Amino acid sequence: LLADLPETTTRRKHEVDLRLMLFRAYLTRGEIGPMTATLMGAVETAKALGDQRRLALATAQLAMAQWMQGNHVAAAGSARFVLEHAERTDDLPLQIFGKHTLANAEHGRGRLKDAISLHRQIIETLAQHGIENQRLGWAGLPSVMSRAFLGWFLIEAGQFDDARKQIEAGCVLADAAKQPYSQV
């Protein structure tokens, strides 16, 4: 489709956007390799355009793909890049996504305390802004997703009571939202 269009800045922006939309399709199908390659192409195109917003969005999705592939060092680096951009531009949803991916990458790197701290920060930030029940473009509620991972990590740390509290709080939010992905 895009191959038939002349090579212009607008076309290249559309190419990045299309690659970003493919993320969910690849994720749904479990095709992590092609997803990663597609996102790397989006990152490179956004860099060439000098489009910092698209670069941050592409890198955010790439970080998630890297984490899913077990490439935790690369995922952490990508997530930090995203987080720096999101903080500089005051983009709260992107900050949440960056921290979430960084937390999970840090867990994969064996940095359990850092992972726990980052998920606690996410939950606190969402509560402070009164957006615990908002999806922010995610498949599920970030507040529920972070509590699920936090619960897992707390169990690994032997903090069973706190893990139970986080999981129960996540269940209450998911049930109230009646949002299927969050209820899984």
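Worth saying up front: this structure is predicted, and the values here are computed from it rather than measured.

Peer 1: Can you help me understand the overall build of the chain in this one?
Peer 2: Counting its regular elements, the chain contains nine helices and zero strands. Reading the secondary structure of the chain in the N-to-C direction produces α-α-α-α-α-α-α-α-α. For 184 residues, the compact-globule estimate of 2.2 N^0.38 gives 16 Å, and the C-alpha radius of gyration of the chain, at 17 Å, lies within 12% of that figure. Out of the 184 residues in the chain, the part that is buried amounts to 46%. Sequence-distant contacts, at least 24 apart, represent 56% of the contacts inside the chain between residues at least 6 apart.

Peer 1: Would you mind showing me how to read the packing of aromatic side chains here?
Peer 2: Describing an aromatic ring pair means giving the distance of the ring centres and the angle of the ring planes. Evaluation of the coordinates by the stated rule reveals five aromatic pairs. On the basis of an interplanar angle of 50 degrees and a centroid distance of 6.1 Å, the ring pair of Phe-149 and Phe-153 is categorised as tilted. Of the two residues, Phe-149 and Phe-153 both sit in helix H7 (residues 142-156), four residues apart, roughly one turn of that helix. When sorted by exposure, Phe-149 lands in the same class as Phe-153, which is buried. Seen from their ring centres, Trp-152 and Phe-153 are 5.2 Å apart, and the 50 degrees between their planes marks the pair as tilted. Overall, the relative accessible area of 40% leaves Trp-152 in the partly exposed class. Put simply, the rings of Trp-67, Phe-149, Trp-152 and Phe-153 pair up and form one aromatic cluster.

Thresholds, definitions, all that
Residues numbered from 1 in each chain as written. Predicted model: local features only at pLDDT ≥ 70, side-chain atom pairs only at ≥ 80, totals over all residues. Heavy atoms only, no water. Helix = DSSP H or I, 4+ residues; strand = E, 2+ residues; numbered from the N terminus. Rg over C-alpha atoms; globule rule 2.2 N^0.38 Å. Buried < 20%, exposed > 50% of the residue type's maximum accessible area, 1.4 Å probe, protein only. Contact = heavy atoms within 4.5 Å. Phe/Tyr/Trp six-rings, centres within 6.5 Å; stacked < 30°, edge-to-face > 60°.

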